[in-house]
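Notes for the structure review
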Amino acid sequence: MPNHTPECYLLTGGAGYIGSHSTLALMQAGHQVLVLDNLCNSSPISLDRLGQLAGRAPLFVQGDVRDAALLEQVFASHRISAVLHFAGLKAVGESVQQPLAYFDNNVAGTISLCKAMAQAGVFKLVFSSSATVYGEPETMPIHESTPTGRPTNPYGRSKLMAEEVLRDLAASDPRWRVAVLRYFNPVGAHESGLIGEDPHGIPNNLLPYIAQVAGGKLAELAVFGNDYPTPDGTGVRDYIHVQDLAQGHLKALQALQTRTGLNVWNLGTGQGYSVLEMLRAFEAASGRQIPYRIAPRRPGDIARCWADASKAKIELGWQCKLGLAEMMRDAWRWQVQSPNGYA
Ligand code: NAD
Ligand code: UFG
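Residue positions within a chain follow its written sequence, with the count starting from 1. As they are written, the chains are lettered A onward and the ligands numbered 1 onward, keeping that order. With the structure being a predicted model, the display of local features is reserved for residues of pLDDT at least 70 and the display and counting of side-chain atom pairs for 80 or more, all residues being used for whole-chain, interface and lining totals. Just so you know, side-chain values use all the structure's heavy atoms and leave hydrogens and water out.

Okay, the sheet that holds strand β3 (residues 59–62) next. Pairing is parallel in the open sheet, where seven strands are placed in the order β3-β2-β1-β4-β5-β6-β11. Only two strands of the sheet have a single neighbouring strand rather than two, namely β3 and β11 (261–267). For this sheet, the mean angle separating the axes of adjacent strands, direction not counted, is 20°. Paired strands, in this sense, are two strands between which DSSP finds at least two bridges. Runs of E in the DSSP output that reach at least two residues are strands. Runs of H or I that reach at least four are helices, and both are numbered from the N terminus. Angles shown run from 0 to 180 degrees and are taken between the N-to-C directions of axes, each axis being a line fitted to C-alpha atoms and, for helices, limited to the stretch in contact.

Below is the structure:
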């Protein structure tokens, strides 16, 4: 029977941090979005907020990407033109404790999704990868032609494995069109302060940690090492506003209209900032002083990591529009408006 429902994009993990901002960007560009999320690291309130911001909520199915029967049903009952696969686990430290959970979710979950897509005749996929797949390259900036390295933890290895699965899949059948997006360090929130990053417990990542110190929930920031070979000795990263990142997904989807096979794009700003530069910028945005102490290096951390973002600029016509001040302003607004996240 022909399916007369409107065409939509399926976003796995669309209730999460990056997925929710991307859902909004797609809806605001006039697209229909179906979110599939098991809510293991997100709240359904994010979907209500999307409804508030976009004037209509996305379609939502609560479930797991590893549930083959559910996926079959989802693809049979919606006209899905492409899939954006955000769903996965992302806590580096936890991945060391629970490697099987990470390989199962991030690798087996991707395989399960691709099987269901092929069965349903849907071959366009945008995959959330990470700069972590480069390991610790000797030279900066990191270009897509920089060889992937040896990620320092099971999370990173699960992303690299998933990429390799997708590469082999795209090579096996010319109908596949895959965009592998290697994110650098996503930060910030939607400018409304209605959606943002909602880490459970004590945050692992720098920006949510700084925001909670500024907001008075945590006493001080531990700066993990000031003896790296960087200008001020602290780690340098390429922080990218989550709103710019969301726009990158729209551009990748457009590119898949014409590009076949598997394409890799770095999504970063091309600019690195140190931990202390981030701290000072957050102080400026929040007007709060942020106490900190120098602590030992965190195992597995690299000294420096920033993107050569020229491939995405040339091939996708995408580049970041928001700078450090906007990242900090929006992270702070989200912290002030939702000190307990969606809780
Ligand atoms: P997030 O945890 O906020 O979002 C992931 C979403 O996926 C959550 O809503 C979670 O409930 C859902 N989910 C997890 N496993 C699922 C499953 N098996 N079935 C259905 N839903 C499931 O994380 P995020 O920061 O938005 O990251 C999104 C993607 O981007 C992840 O794949 C992550 O690895 C990748 N990534 C994130 C970063 C970062 O720093 N945030 C950097 C590089 C890459
Ligand atoms: N840092 C601190 N104190 C903290 C937290 C972090 O000094 O409390 C430092 C880190 O040592 C590092 C920098 O801040 O130098 C950034 O650390 P994050 O944990 O925010 O980010 P990472 O670069 O370590 O890792 C992030 C994601 C990974 C992803 C990687 C590349 O957590 O999942 O970016 O995209 F793989």
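Looking at the secondary structure, you find Ala171 in helix α6 (residues 154–172). Through-space distance from the C-alpha of Ala171 to that of Tyr155 is 25 Å; in sequence the pair is 16 residues apart.

A large share of β11 lies buried, amounting to seven of its seven residues. In terms of strand pairing, strand β6 (residues 177–183) meets β11 through seven bridges, oriented parallel. Pairing of Leu181 across the sheet is with Trp265, part of β11. The rule is simple: take the accessible area with a 1.4 Å probe, protein chains only, and divide by the maximum for that residue type; under 20% is buried, over 50% is exposed, in between is partly exposed.

By nearness alone, 20 residues border ligand 2, and Ser130, Asn205, Ala222, Arg237 and Asp301 come closest of all. We call two N or O atoms a polar contact when they sit within 3.5 Å, provided that within protein one can donate a hydrogen and the other can accept it, with sequence-adjacent residues counted only if both atoms are side-chain atoms. The backbone of Phe184 places a nitrogen or oxygen atom 3.0 Å from an oxygen atom of ligand 2. Isolated, ligand 2 exposes 690 Å² of accessible area, and the fraction of that covered by the protein chains is 89%. Sort the elements by how many residues they give to the shell around ligand 2 and strand β8 (residues 221–224) lands first, with four residues. Three categories are distinguished: nonpolar for Ala, Val, Leu, Ile, Met, Phe, Trp, Tyr, Cys and Pro, charged for Asp, Glu, Lys and Arg, and polar for the others, with Gly belonging to the last. Taken together, the residues that form the shell around ligand 2 break down as 11 nonpolar, six polar and three charged. In these notes, residues near a molecule or strand are those with any non-hydrogen atom within 4 Å of it. The Shrake-Rupley method, run with a 1.4 Å probe sphere, supplies the accessible areas, and residue values consider only the shown protein chains as cover.

By convention a nonpolar core is built from buried Ala, Val, Leu, Ile, Met, Phe, Trp, Tyr and Cys residues, the set being connected through side-chain atoms within 4.5 Å. Among the nonpolar cores identified, the biggest contains 39 residues, and Leu26, Leu84, Leu181 and Leu267 are the most heavily contacted of them. Tallying contributions element by element places helix α8 (residues 242–255) first for this core, with seven residues. Excluding residues that lie within four positions of it along the chain, Leu84 makes contacts with Tyr9, Leu10, Leu11, Thr12, Leu26, Val126, His249 and Leu253. Ile80, Leu113, Ala162 and Trp176 belong to the second-largest nonpolar core, a separate cluster that totals 29 residues. Working rule for contacts: check all heavy atoms of both residues, and any pair within 4.5 Å makes them a contact.

Time to look at the pattern of salt bridges. One side-chain nitrogen of Lys or Arg within 4 Å of one carboxyl oxygen of Asp or Glu is enough to make a salt bridge. Within this structure, the stated rule accounts for 13 salt bridges. Here Glu163 makes a salt bridge to Arg182, at a shortest N to O gap of 2.7 Å. Remark: Arg182 occurs in strand β6 and Glu163 occurs in helix α6; sequence separation between them is 19 residues. We note that Glu163, like Arg182, is buried. In this structure, Asp227 engages Arg297 in a salt bridge whose closest nitrogen and oxygen atoms are separated by 3.0 Å. Placement of the pair is Asp227 in the loop between β8 and β9 (236–237) and Arg297 in the loop between β13 (292–295) and β14 (304–305), with a sequence separation of 70 residues. Each of the salt bridges in this network shares a partner with another, and the network as a whole consists of Asp64, Arg66 and Asp104.

The next subject is the site of ligand 1. In the neighbourhood of ligand 1, 27 residues make up the surrounding shell, with Ile18, Asp37, Asn41, Ser42 and Tyr155 lying closest. Between ligand 1 and the protein, one listed contact pairs an oxygen atom with a side-chain N or O atom of Ser42 at 2.6 Å. Between ligand 1 and the protein, one listed contact pairs a nitrogen atom with a side-chain N or O atom of Asn105 at 2.9 Å. Within the complex, the protein chains bury 95% of what would otherwise be the 820 Å² of accessible surface of ligand 1. Mapped onto the shell around ligand 1, the elements with two or more residues apiece are α1 (17–28), β5 (124–130) and α6. Counting residues per element, the shell around ligand 1 draws most heavily on β5, at three residues. Looking at side-chain class alone, the shell around ligand 1 contains 11 nonpolar, 11 polar and five charged residues.

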